[in-house]
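Commentary on secondary and tertiary structure
Residue strings, one per chain:
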Amino acid sequence: MGFFDGIMGNASEVSISEVEKEFSKVLTNDERIEKAYKLIRDLFIFTNKRLILVDKQGMTGKKAEIHSIPYKNIIHFSIETAGNFDLDAELKIWVSGTSTPIQKQFNKSLNIYEVQRVLADYVL
């Protein structure tokens with residue numbers, strides 16, 4: 001991911017093996033990472049069982065808040081594709097019990113349809 005994309009909050013796909021090394025301790029025995037995306041320092045991880053959102057905090061990013069959202073709690077989601085003048089695509093996810101969606105920006109080089117398909121495979 002380029003520096004400019006990081007400043008703009010855009011996400012880029014990251015290596016599954018890289019994410020597994022760092023987050024293997026939060027995965028269940030039969031859980032596997034399907035896709036992972038990085039937003040500056042934060043991570044958006046799709047496993048075969050849940051969506052894991054990692055919010056790295058502080059100056060060094062060593063402190064992290066890890067949110068685990070079972071797919072069964074996702075009530076609906078939407079994508080907004082990038083246009084000619086729009087540099088990014090957006091994914092919105094609504095979780096039961098909340099009225100405000102989780103929103104993530106993805107850079108134009110990332111296939112937002114692939115992200116939507118991974119989510120749809122587990123939610124639908």
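In every chain, residue numbers begin from 1 and rise along the written sequence. The predicted nature of this model means local features are confined to residues of pLDDT at least 70 and side-chain atom pairs, given and counted, to a pLDDT of 80 or more, with totals for whole chains, interfaces and linings taken over all residues. Computation of side-chain values: all heavy atoms of the structure, hydrogens and water removed.

Attention shifts here to the overall build of the protein. Numbering of helices and strands starts at the N terminus; helices are DSSP runs of H or I of at least 4 residues and strands are runs of E of at least 2. Summing up its helical and strand segments, the protein has 3 helices and 8 strands in all. Going residue by residue from the N terminus, the α and β elements of the protein occur as α-β-α-β-β-β-β-β-β-β-α. Relative accessibility thresholds used throughout: buried, under 20% of the residue-type maximum; exposed, over 50%; partly exposed, between the two (1.4 Å probe, protein chains only). When each of the 124 residues of the protein is scored for burial, the buried share is 40%. Contact definition: two residues touch when any of their heavy atoms are within 4.5 Å. Sequence separation of 24 or more characterises 36% of the internal contacts of the protein that already satisfy a separation of 6 or more.

Another aspect to go through is the pairing of strand 8 (residues 102-107). In terms of strand pairing, strand 7 (residues 88-95) meets strand 8 through 6 bridges, oriented antiparallel. Of the residues in strand 8, the one forming a bridge with Glu-90 is Gln-105. Paired strands are those between which DSSP finds at least two bridges. The hairpin formed by strand 7 and strand 8 contains 6 residues between the paired strands, and Gly-97 there has a positive phi angle of roughly 90 degrees.

Salt bridges are defined by distance alone: a side-chain nitrogen of Lys or Arg within 4 Å of a carboxyl oxygen of Asp or Glu. Per the stated rule, a full pass over the model turns up 7 salt bridges. Across the salt bridge formed by Asp-121 and Arg-117, the nearest N and O atoms sit 3.1 Å from each other. Linking Asp-121 with Arg-117, this pair stays in helix 3 (residues 112-123), spanning 4 residues, or about one helical turn. Judged by its relative accessible area of 40%, Arg-117 is partly exposed.

The next point concerns the packing of aromatic side chains. Working definition: rings of Phe, Tyr and Trp (its six-membered ring) pair if their centres are within 6.5 Å, and the pair is stacked with planes under 30 degrees apart, edge-to-face with planes over 60 apart, and tilted otherwise. Enumeration over the complete set of coordinates arrives at 3 aromatic pairs. Among the aromatic residues, those joined into a ring-pair cluster are Tyr-37, Phe-44 and Phe-46.

Here helix 3 spans 16 Å end to end across 12 residues, near enough to the 16 Å set by a 1.5 Å rise per residue. At its buried positions, helix 3 is contacted by strand 2 (33-39), strand 3 (42-47), strand 6 (74-80), strand 7 and strand 8. What a helix should span is 1.5 Å times the count of its residues minus one.

So, about the pairing of strand 7. Burial of strand 7 is extensive: 7 of the 8 residues sit out of reach of the surface. Bridge analysis of strand 6 against strand 7 gives 6 bridges, and the strand direction is antiparallel. Bridge pairing in strand 7 places Phe-77 opposite Ile-93.

Soluble, globular proteins show a tendency: their nonpolar side chains are buried together. What is meant by a nonpolar core is a set of buried Ala, Val, Leu, Ile, Met, Phe, Trp, Tyr and Cys residues, joined one to another through side-chain atoms within 4.5 Å. Ranked by size, the top nonpolar core spans 20 residues in total, and within it Phe-44, Phe-46, Leu-51, Leu-91, Ile-93 and Leu-119 carry the most contacts. Of all the elements in the fold, those that place two or more residues in this core are strand 3, strand 4 (50-57), strand 6, strand 7, strand 8 and helix 3. Examining the composition of this core, we find that 5 residues originate from one element, helix 3, more than from any other. Val-19, Phe-23, Leu-27 and Ala-36 belong to the second largest nonpolar core, which has 10 residues in total.

Here the protein averages 83 in pLDDT, while 85% of its residues score no lower than 70. A residue's pLDDT is the confidence the predictor assigns to it, expressed on a 0 to 100 scale. For the protein, the element scoring lowest by mean pLDDT is helix 1 (residues 3-8), at 42; strand 6 scores highest, at 93. Here residues 1-9 is a poorly scored stretch, pLDDT under 50, and it has 11 contacts once near neighbours within four places are set aside; other chains count.

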